[in-house]
Amino acid sequence: MNMNDPDRDVLVWDLPVRLFHWLLAACFAGAWLTAESEHWRLLHVTLGYTMAGLVAFRLLWGLVGTRHARFASFVRGPRAAWRYLRSLVSARPEHHAGHNPAGALAIVALLGLIAVTAASGWATYSELGGEWLEEVHEAAANLLMAVVVVHLLGVLVGSLVHRENLVRSMVTGRKPVPAGEGIERRWGALAALVLAAVLGFWWLQWQTAPAPDLAAGAGESSARLLKQDRHHDED
């Protein structure tokens, strides 16, 4: 791409894309940290369902969204991705206003793995399969983490090579590209609707969460006190 006006920040990412990105990152981090905890199981499940809903939204927005949000504008084959990666070590690396071809493959992999992880997690949580399904869930989650690490490394390399802060771009929505590559609308109302849907789902999950078994907890406390009294009498 010929960068005729490299110093001008132009709006490239709409608000729904940016909101999707950061919500997905937060949900994945939370789901990963709570994966092994029975105490936080409902939170883990809620975050997993949220990720599935976000992916469904992104697939739809990838068909009808703004210029750089549409899959048709950035998804290319392995050959294009390899050509882009080779250009990074050349004197004139390829520069793309939206996602680069290598990053596009990572995004497709992330969306697919999230779908598999969420589906297998739902089936496991609903006790619809045996241990093999739980293993599929764990394997998909581990592979997803690996792709996330590769994606983060790609963001770091791209920021250094192109001398632009790609993380900042996903916050502000702006990148130093020619004015003709920009988008006109931020789609703030749609982003607000997506956020409201996520928060509403979380509230519903909280309201329908099973109450703690206070009787069982009291029984366990009484048993501990009784055991302590017995030890005290023996002494």
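A. Structural view of the overall build of the protein. From N to C terminus, the protein includes nine helices and two strands. Each helix and strand of the protein, placed in order from N terminus to C terminus, yields the pattern β-α-α-α-α-α-α-α-β-α-α. Across the 235 residues of the protein, 38% fall into the buried class. For the protein, restricting intrachain contacts to residue pairs at least 6 apart in sequence, the fraction spanning at least 24 positions comes to 76%.

B. Inspection of the packing of helix H2 (residues 41–64) against helix H8 (residues 188–207) at higher detail. At a minimum axis distance of 10 Å, the contact between H2 and H8 shows a crossing angle of 155°. Taken together, the axes of H2 and H8 lie roughly antiparallel to each other. The hand of the H2/H8 crossing is right-handed. In this structure, H2 contributes Leu42, Thr46, Leu47, Tyr49, Thr50, Leu54, Phe57 and Trp61 to the contact, and H8 contributes Leu190, Val194, Val198, Phe201, Trp202 and Gln205.

C. Highlighting the nonpolar core. Counting residues in hydrophobic clusters, the biggest one holds 35 residues, and the most contacted among them are Val17, Leu24, Met51, Leu54, Leu111, Ile114 and Leu144. Sort the elements by how many residues they give to this core and helix H1 (residues 15–33) lands first, with eight residues. Met51 has contacts with Leu24, Cys27, Phe28, Ile114 and Leu144, leaving out every residue within four places of it along the chain.

D. Seen up close, the side chain of Gln205. Examined against the element boundaries, Gln205 turns out to sit in helix H8. A polar side-chain atom of Gln205 sits 3.1 Å from a polar atom in the side chain of Thr46. If near-sequence neighbours (up to four positions away) are discounted, Gln205 is found in contact with Leu42, Thr46 and Tyr49.

E. Representation of the packing of aromatic side chains. Applying the stated criterion across every chain yields a total of four aromatic pairs. Between the aromatic rings of Trp61 and Trp187, the centroid separation amounts to 5.3 Å while the plane-to-plane angle is 75°, which identifies the pairing as edge-to-face. Within this pair, whereas Trp61 is found in helix H2, its partner Trp187 is found in the loop between strand S2 (174–176) and H8, the two being separated by 126 residues in sequence. What makes Trp187 partly exposed here is its relative accessible area of 29%. Relative to Phe74, the ring of Phe71 has its centre 5.8 Å away and its plane inclined at 65°; by these criteria the two rings are edge-to-face. Remark: Phe74 and Phe71 occur in helix H3 (residues 71–74); sequence separation between them is three residues, near one turn of the helix. Put simply, the rings of Phe57, Trp61 and Trp187 pair up and form one aromatic cluster. In this structure, Arg58 is placed above the aromatic ring of Phe20, and the distance from its NZ or CZ to the ring centre is 6.0 Å. It is Arg185 that lies over the ring of Trp187; its NZ or CZ is 3.8 Å from the centre.

The rules behind these values
- Residues numbered from 1 in each chain as written.
- Predicted model: local features only at pLDDT ≥ 70, side-chain atom pairs only at ≥ 80, totals over all residues.
- Heavy atoms only, no water.
- Helix = DSSP H or I, 4+ residues; strand = E, 2+ residues; numbered from the N terminus.
- Buried < 20%, exposed > 50% of the residue type's maximum accessible area, 1.4 Å probe, protein only.
- Contact = heavy atoms within 4.5 Å.
- Axes fitted to C-alpha atoms, helices over the stretch in contact; angles between N-to-C directions.
- Parallel < 35°, antiparallel > 145°, perpendicular 65-115°, else oblique.
- Left-handed = near helix turned anticlockwise from the far one by under 90°.
- Core = buried A, V, L, I, M, F, W, Y, C linked by side-chain atoms within 4.5 Å.
- Polar contact = N/O pair within 3.5 Å; in protein donor to acceptor, adjacent residues only side chain to side chain.
- Phe/Tyr/Trp six-rings, centres within 6.5 Å; stacked < 30°, edge-to-face > 60°.
- Lys NZ or Arg CZ within 6 Å of the ring centre and 35° of its normal.

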